[in-house]
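Chain by chain, the residues run as shown.
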Amino acid sequence: MKKSQARMMNKKSMEPGVILLAVYLSAILFGTLLLKLPVSENAPLSWVDALFTATSAFTVTGLAVVDTGTEFTLFGELVILLLIQMGGLGIMSFSVIIFMLLGKRIGMKQRMIVQQALGQLHYGGVIKLVRNLLLFSIAIELIVAAFLAIDWVPQYGWGNGIYYSIFHSVSAFNNAGFGLWPDNMMGHADSWIITIGITSLIILGGIGFTVLIDLYENRSFRKWSLHTKIMVTATIGLNAFAFLMILLLERGNMATLGAMPFTDQLQASWFQAVTTRTAGFNTIDMGAINPQTSFFMMILMFIGAGSGSTAGGIKLTTFIVMAAAMVTYIQGKKDIHLFRRTIKPEYVMRVLSITMIAAFVVVTGTFLINVVEDMEFLPLMFEAVSAFATVGLSMNLTPMLGDPSKLILIVLMITGKVGPLTLAYMFARKHEAHYKYPAEDVLTG
């Protein structure tokens, strides 16, 4: 009996989700040790702050307890940049590339781990996907960095201008939101080059690697997969809606958009609409936004961007399928249809599970932070949602939090990065029932 239990425990401990979590935690701890080195700090950094920064970078969140550009040396900033790149593209992707360069065979277990890390439905073709996404990522980051340098090289000189361009290009494509200025991007709110460059990277990084490959290989809308059709149309629609809402909600706020010229208001509204769902950069003072705007932004953060992307949240496809299921029920129909395709019932159960688990995690995190902090409820909830959705926006609250709150946010960031459903699978007892109970109706609604 004991041997059987031991075999079951050993089998469970070797599941892809468990291995993935162990790899993530190892990378975060290694990053923490690097950030604690004297060569990384301009000023002494506590272990909790180092752990928080490493977690925020690797989970591509962007929440910062200290100012990245002043508190860390160049070496420390490069450590953060490496963590962002590994976290965004996936540390398992880097491992696969190294194995391929060494001529090693990629086994089934490794493919399954990469499949979970990239959020793919099947492990077939993941090695090709890893190779393509790495090449594409490096290429697009360098191209947009050159575009950003058009603005920043004249301002900061060749050395700093190129470095700032590369750092923020990597941070934006990986949807991390780490900036090298104390006010993040507020000093560049009037630059069309920065607005176009950063938001383009955020959208490309957040739409998902499988979508980008599908768009490259199939130029016709009819040939796109259902996932690609949902992601492209929903991304355009949601970004446009968010842009209009933020413009309307904040245009009269003199502390954010109100004092800007109209063209700058349009830029800042578009920038914030794109970055709120996934990245965490800001060109307006987040601590001064209206309460209704902060609540709207929390909804956007909770939804997030694409599956298999560098972004967090419950994912846009999850939200669309859930909304389609609601409309289908209201219309009295049986099957859920999107773009002349039927959504399988098991996927509806999946999106419902993801949403409920995510909501439970956010509510629990919000409650715990409110227990240990004597601050206003809405900014603390904003912080919790931002951490779980790995967005990184803050209403200027993160540096003021105590260590217990930082540890809670660390757990939320890791949960959001791994995925709530993956964690639930890891700790659930799996058994297949060979029987059914009698059905009975339950009063609902």
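Numbers given to residues run from 1 along each chain, matching the order in which its sequence is written. Predicted model: local features are reported for residues with pLDDT of at least 70 only, side-chain atom pairs are reported and counted for 80 or more only, and whole-chain, interface and lining totals are derived from all residues. Based on all heavy atoms of the structure, the side-chain values leave hydrogens and waters out of the count.

As annotated in an unreviewed UniProt entry, the protein chain carries the name Trk system potassium uptake protein TrkH and is attributed to Domibacillus enclensis. UniProt positions are given in the numbering used here, feature names are shortened, and annotations may be inferred rather than shown by experiment. If you open the UniProt record of the protein chain and go to Subcellular location (unreviewed entry), you find "Cell membrane".

Enquirer: Any chance you could explain the overall build of the protein chain here in plain terms?
Expert: Scanning the protein chain from N- to C-terminus turns up 18 helices and two strands. When each of the 445 residues of the protein chain is scored for burial, the buried share is 52%. Put simply, of all contacts in the protein chain between residues at least 6 apart along the chain, 69% involve residues at least 24 apart. Put simply, DSSP H or I for four residues or longer makes a helix, DSSP E for two residues or longer makes a strand, and each gets a number counted from the N terminus. Only protein chains enter the calculation, and the probe is 1.4 Å; a residue is then buried if its accessible area is under 20% of its type maximum, exposed if over 50%, and partly exposed in between. Any pair of residues with heavy atoms lying within 4.5 Å of one another is described as a contacting pair.

Enquirer: Would you mind showing me how to read the nonpolar core here?
Expert: Most often, soluble globular proteins have nonpolar side chains that are buried together. To form a nonpolar core, buried Ala, Val, Leu, Ile, Met, Phe, Trp, Tyr and Cys residues must be joined to one another through side-chain atoms within 4.5 Å. Among the nonpolar cores identified, the biggest contains 104 residues, and I84, M185, I198, F281, M301 and F382 are the most heavily contacted of them. In terms of residue count, the dominant contributor to this core is helix α8 (residues 126-173) (12 residues). For M301, the contacting residues outside a window of four places in its chain are T276, R277, G313, F382, V385, S386, A389, V391 and L393.

Enquirer: Help me understand the side chain of E141, please; the structure alone is not making it clear to me.
Expert: Considering the arrangement of structural elements, one finds E141 in helix α8. Among buried charged residues, E141 stands out as having no salt bridge; its nearest opposite-charge side chain is K417, 12 Å away. Any N or O atom pair separated by 3.5 Å or less is treated as a polar contact, with the protein-specific requirement of one donor-capable and one acceptor-capable atom, and with residues adjacent in sequence counted only for side-chain atom pairs. At 2.9 Å, the side chain of E141 forms a polar contact with the side chain of Q85. Not counting residues within four places of it along the chain, the set of residues in contact with E141 comprises Q85, S169, V170, F173 and N174. We treat Lys and Arg as the positive residues and Asp and Glu as the negative residues; His and chain ends play no part in the count. What makes a salt bridge here is a side-chain nitrogen of Lys or Arg within 4 Å of a carboxyl oxygen of Asp or Glu, nothing more.

Enquirer: Explain the packing of aromatic side chains to me, please; I cannot follow it from the model alone.
Expert: Any pair of aromatic rings gets described here by the distance separating the centres and the angle formed by the planes. Stacked, edge-to-face and tilted labels apply to pairs of Phe, Tyr and Trp rings (six-membered ring for Trp) whose centres lie within 6.5 Å, assigned for plane angles under 30 degrees, over 60, and everything in between, in that order. Inspection of the entire model under this criterion finds 12 aromatic pairs. On the basis of an interplanar angle of 45 degrees and a centroid distance of 6.2 Å, the ring pair of Y163 and Y164 is categorised as tilted. The class of Y163 is buried, set by a relative accessible area of 19%. With a relative accessible area of 17%, Y164 lands in the buried category.

Enquirer: Please explain a nonpolar patch on the surface as it appears in this structure.
Expert: Judged by side-chain polarity, F147, I150, W192 and I196 come together as a nonpolar surface patch covering roughly 390 Å² of accessible area. Going through the elements one at a time, α8 and α9 (192-207) are the ones with two or more residues in the nonpolar patch. Within the element layout of this structure, W192 appears in helix α9. Look at W192 and you get partly exposed, because its relative accessible area is 49%. Within the patch definition used here, like charges are joined within 9 Å and nonpolar side chains (Val, Leu, Ile, Met, Phe, Trp, Tyr) within 5 Å, considering only residues with over 30% relative accessible area and no salt bridge. For the area figures, the Shrake-Rupley method with a 1.4 Å probe applies, and any residue is considered shielded solely by the protein chains shown.

Enquirer: Would you take a moment to explain the confidence of the model for the protein chain for this structure?
Expert: Chain-level statistics for the protein chain give a pLDDT mean of 85 and a share of 83% at 70 or above. Segment residues 1-9: pLDDT under 50, and zero contacts once partners within four positions in sequence are set aside and those in other chains are kept. Scored between 0 and 100, pLDDT is the confidence that the predictor attaches to each residue.

Enquirer: Got a minute to help me understand the packing of helix α10 (residues 209-217) against helix α11 (residues 226-250) in this structure?
Expert: The packing of two helices is summarised by the inter-axis angle and the distance between the axes. Closest axis-to-axis distance for the α10/α11 pair is 9 Å, and the angle between their directions is 100 degrees. In terms of axis orientation, α10 runs roughly perpendicular to α11. Seen from α10, the contacting residues are T210, V211, D214 and L215; seen from α11, they are H227, T228, M231 and V232. By residue class, the composition of the contact of α10 with α11 is four nonpolar, three polar and one charged. Between N-to-C directions, angles cover 0 to 180 degrees, with each direction set by a line fitted to C-alpha atoms, over the stretch in contact for helices. Roughly parallel covers angles under 35 degrees, roughly antiparallel covers those over 145, roughly perpendicular covers 65 to 115, and oblique covers all other angles. By the convention adopted, Pro, Cys, Tyr, Trp, Phe, Met, Ile, Leu, Val and Ala count as nonpolar, Lys, Arg, Asp and Glu as charged, and the other residues, Gly among them, as polar.

Enquirer: I tried to follow the pattern of salt bridges on my own but got confused; where do I start?
Expert: Close approach of charged atoms allows side chains with opposite charge to pair. Under the counting rule described, the total for this entry stands at two salt bridges. Salt-bridge contacts for D49 lead to K406; the nearest nitrogen and oxygen are separated by 2.7 Å. With D49 in helix α3 (residues 47-58) and K406 in helix α17 (residues 403-418), this residue pair connects regions lying 357 residues apart in the sequence. Note on accessibility: D49 and K406 belong to one class, buried.

Enquirer: I'm lost on the side chain of T398 in this one. Help?
Expert: Position of T398 relative to the elements: it lies in the loop between α16 (377-388) and α17. Reaching out from T398, the side chain makes a polar contact with the side chain of S394 at a distance of 3.1 Å. Discounting residues that sit within four places of it in the chain, T398 has contacts with F52, L63, A64, V65, E383 and K406.

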